[in-house]
Amino acid sequence: MTSPITIRKVESSRDRREFLQLPWTIYKGNPYWVPPLLTTHLGLIGFKKDAYYLRNRIQTFLARRGSEVVGRIAAIYNQGHLDLHQDNRGFFGFFECKDDPEAACALFDAAREWLAEQGLKNIRGPMNPSMNHEVGLLVDGFDHTPTFMMTYNPPYYEKLIEGYGFQKSQDMYAFVGFIEMLPKILARFSGFVQQIRERFGVQIRPLDRKRFDEDVRGFLDVYNRSLCNTWGYVPMSAEELEQEARGLKQLLAPELAIAAEIDGKLVGCLICLHDFNPRIRDIKGKLFPFGFLHLLMHKNRITKIRSISTNVLPEYQLMGIPLLMLNALVPVADSWGIQKAEFSWVLESNSYSRGSLEKAGMIREKTYRVYDLDE
C-alpha cells in the first residue's frame, strides 16, 4: 500500500537541509543538471539574509510520502509586484518534485493556501524568486546544459504543472550565436551600425575599470529603468541594486560589459558573464573552502558567455542601439576565444529584443515558460 502524502512548512534546520538536498535526488544521473550555487541559493530561498526579503515574504514547504521527501515548493509574496501591477497575484518557485502528480498537487495546494492567507487569489510561476532572478520552466531544449543563472528541470514538470490547472502566460527564449557566425554578422551590419552611430551620435565603450563601481551601478540603473514597459516588470529596490552590484563586481569581466552613451549620458548596456556552470558543477555548488578560487581563476579559459542584460532606456529604444553594442562585443569575443554566446532570457512578447537578435542571425536554442492560475 502506498504511503499518503503529507505537507509541512519548512521550519527546522533538518527541514531546511532536506529542502536544499532534494534536487540531488531528483537529478541523480542527469548529465545536464547543474547544482545551485549554495551561498546565493540560501539567500534567494530566504534561509539567510537577502535584500529581496527586506520588503517581500516567502514560505517554503516539503512533501513527504511516508518518511521520504518527494517534493518541495516556495510560496512568494512580492510586494514590489503588487504595488506596481495591482493584480492580487502571488508566486510559486523553487519547485522540485518526483514524478508524482499527487505530491505536486498537494504542494500547489499548500502554496495557494498560504498565499490566500496573505489575501492573494492568483498565482504565477515558477519564479526563483522573481523576474529579476531565475525564471520559468524549461519546456524545450532539455539536451543542453543550462547556462549560468538559467533554470533546468525534467520534462515531466510540464505535465505536473499543467495537470494542476496552470496555463501558459508567457514564453521566454534563449538565443545562441557561434564564433563561426562572426564574419557574416560583421559584414551584414557594418554599414547600418555606422549609420546609427553617425545619425544619433552614439558612443560605444566597455565598462571602465577606473570607475568600476560607478559603471556597475549605472548599468544596473539602466536595467531597472529600461524594463518599465516589459511584461511582469518589477524594479529592484535600492538595496537589491546594491546587492547585485556587489555580486557583479566578483563575476564581471569589464571587457564583456558594453556601454552606449549619447552626449555623455549612459543610455544602454549589454552585460555578459562567463558561463560558470561547468565549474559550479565541479565544485558541487560549494564555494568554500576552495570552490571560490576554482570558480573565478582564469576566467579567460571559459569559452562560453551569457548576455544577462541587453537594455536601452525607453526614449532611445528605436535607434538600433542593441546592434551597436552587439557589434562591439563581436571582436572582444573573438580575441578572447569565445566559442558560443547565449542571450537569455528574451520574452516572446518583446518583439524589439527578439527582432534585434534574429536580425543578427542568432538561433533560438531553449524555451522557458511562465504559468498563471487565476480565479
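This one's a predicted model, so the numbers in the text were calculated from it and none came from an experiment. (Residues numbered from 1 in each chain as written. Predicted model: local features only at pLDDT ≥ 70, side-chain atom pairs only at ≥ 80, totals over all residues. Heavy atoms only, no water.)

**A look at the nonpolar core**
A general tendency of soluble globular proteins is for nonpolar side chains to be buried together. Formed by 67 residues in total, the largest nonpolar core has its most connected members in Val216, Phe219, Leu252, Phe276, Tyr316, Ile321 and Met362. It is helix α11 (residues 321–335) that contributes the most residues to this core, eight residues altogether. Of all hydrophobic cores here, the second largest spans 61 residues; its members include Tyr53, Phe91, Met127 and Met172. (Core = buried A, V, L, I, M, F, W, Y, C linked by side-chain atoms within 4.5 Å. Buried < 20%, exposed > 50% of the residue type's maximum accessible area, 1.4 Å probe, protein only. Helix = DSSP H or I, 4+ residues; strand = E, 2+ residues; numbered from the N terminus.)

**With respect to the packing of aromatic side chains**
Following the criterion strictly, the structure yields 17 aromatic pairs and no others. With a centroid separation of 5.2 Å and an interplanar angle of 85 degrees, the aromatic rings of Trp24 and Trp33 are classed as edge-to-face. Trp33 sits in the buried class, given a relative accessible area of 12%. Ring geometry for Tyr27 versus Trp33: centroids 5.0 Å apart, planes at 5 degrees, classification stacked. (Phe/Tyr/Trp six-rings, centres within 6.5 Å; stacked < 30°, edge-to-face > 60°.)

**Considering α11**
Helix length check: α11 (15 residues) gives 23 Å between terminal C-alpha atoms against 21 Å at 1.5 Å per residue, within 8%. Of all the 15 residues making up α11, 11 are buried; the element is thus mostly covered by neighbouring parts of the structure. Every buried residue belonging to α11 is among Ile321, Pro322, Leu323, Leu324, Met325, Leu326, Asn327, Leu329, Val330, Val332 and Ala333, and all of these are buried. Once α11 ends, the next one or two residues include Gly337, with phi positive near 75 degrees. (Expected span 1.5 Å × (residues − 1).)

**Remarks on unusual backbone geometry**
The phi torsion of most residues other than glycine is negative, and most of the peptide bonds are trans. Residue Pro126 is bonded to the preceding Gly125 through a cis peptide linkage, with omega at 0 degrees. On the secondary structure map, Pro126 appears in the loop between β5 (122–125) and β6 (127–128). Put simply, Ser344 and Trp345 share a cis peptide bond, and its omega is -10 degrees. With respect to the helices, strands and loops of the structure, Trp345 is situated in strand β14 (residues 340–347). Positioned with a positive phi, Phe94 is a non-glycine residue whose angle comes to about 50 degrees. Position of Phe94 among the secondary structure elements: in strand β4 (residues 89–97). Although it is not a glycine, Asp263 adopts a positive phi angle of roughly 55 degrees.

Structural measurements only, silent on function.
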